[in-house]
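Structural description and commentary
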Amino acid sequence: MIKTALKDKDLEVRKQAALAFGRCDPADSDAVSLLVDLLKNDKDDGVKQNAAMGLAALGSKATEAIPALRAASKATENKKLDRVFKDAMKSINGNPKKK
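Below is a summary of the structure that appears in this document.

Definitions and limits used
- Residues numbered from 1 in each chain as written.
- Predicted model: local features only at pLDDT ≥ 70, side-chain atom pairs only at ≥ 80, totals over all residues.
- Heavy atoms only, no water.
- Salt bridge = Lys/Arg side-chain N within 4 Å of Asp/Glu carboxyl O.
- Helix = DSSP H or I, 4+ residues; strand = E, 2+ residues; numbered from the N terminus.
- Buried < 20%, exposed > 50% of the residue type's maximum accessible area, 1.4 Å probe, protein only.
- Axes fitted to C-alpha atoms, helices over the stretch in contact; angles between N-to-C directions.
- Parallel < 35°, antiparallel > 145°, perpendicular 65-115°, else oblique.
- Contact = heavy atoms within 4.5 Å.
- Nonpolar A, V, L, I, M, F, W, Y, C, P; charged D, E, K, R; others polar.
- Core = buried A, V, L, I, M, F, W, Y, C linked by side-chain atoms within 4.5 Å.
- Expected span 1.5 Å × (residues − 1).
- Polar contact = N/O pair within 3.5 Å; in protein donor to acceptor, adjacent residues only side chain to side chain.

Our focus in this paragraph is the pattern of salt bridges. Applying the stated rule across the entire model yields five salt bridges. Among the ionic pairs, Lys15 bridges to Glu12, the shortest N-O distance being 3.1 Å. Taken together, the residues Lys15 and Glu12, both in helix 2 (residues 11-23) and three residues apart, mark about one turn of the helix. Residue classification places Lys15 among the buried residues on the basis of a relative accessible area of 18%. When its relative accessible area of 41% is taken as the criterion, Glu12 is described as partly exposed.

Next comes the structure, spelled out in structure tokens:
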């Protein structure tokens, strides 16, 4: 169900699905690649942000997403989005964002 929502035409559905998919810690081996695909290819910054947050929620299971997060960080001019990408990389590397 969530995998289908990741490709929904409604951006709010994609945005919420990206975040939920990572947070529900799926055993699905496609989880990282599906979220990386959103990070790379979705046109909406909110969807990209939530994809990064979903990857961060997966922690070390998402290490293969680091190059895509690094590239996304370099490509954006949005400082808030850049911070989300960098925080996601820290979470994946075992250094979660301090609250």
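Moving on from the model shown.
Here we come to the packing of helix 2 against helix 4 (residues 45-58). Packing of helix 2 against helix 4 leaves a shortest axis separation of 6 Å and a crossing angle of 10 degrees. It follows from the interaxial angle that helix 2 and helix 4 lie roughly parallel. Mapping the contact onto sequence places Leu11, Arg14, Lys15, Gln16, Ala18, Leu19, Gly22 and Arg23 in helix 2 and Gly46, Val47, Asn50, Ala51, Met53, Gly54, Ala57 and Leu58 in helix 4. Looking at the contact of helix 2 with helix 4 residue by residue, the class counts come to eight nonpolar, five polar and three charged.

This part takes up the nonpolar core. Counting residues in each nonpolar core, the largest one holds 30 residues, and the members touching the most others are Leu6, Leu35, Leu39, Leu55 and Leu69. If you list the elements that add at least two residues to this core, you get helix 2, helix 3 (31-41), helix 4, helix 5 (66-75) and helix 6 (79-92). The residues contacting Leu69, other than those within four sequence positions of it, are Leu39, Ala52, Leu55, Phe85, Ala88, Met89 and Ile92.

For the rest of this paragraph, the subject is helix 6. With 14 residues, helix 6 extends 20 Å between its outermost C-alpha atoms, agreeing within 8% with the 20 Å of an ideal straight helix rising 1.5 Å per residue. Buried residues of helix 6: Leu81, Asp82, Val84, Phe85, Asp87, Ala88, Met89, Ser91 and Ile92, and no others. In the core, the buried residues of helix 6 are packed alongside helix 3, helix 4 and helix 5. Two to three positions downstream of the cap, the backbone nitrogen of Lys80 sits 3.0 Å from a side-chain oxygen, assigning the N-cap of helix 6 to Asn78. Positioned one or two residues after helix 6, Gly94 has a phi angle of 95 degrees, which is positive.

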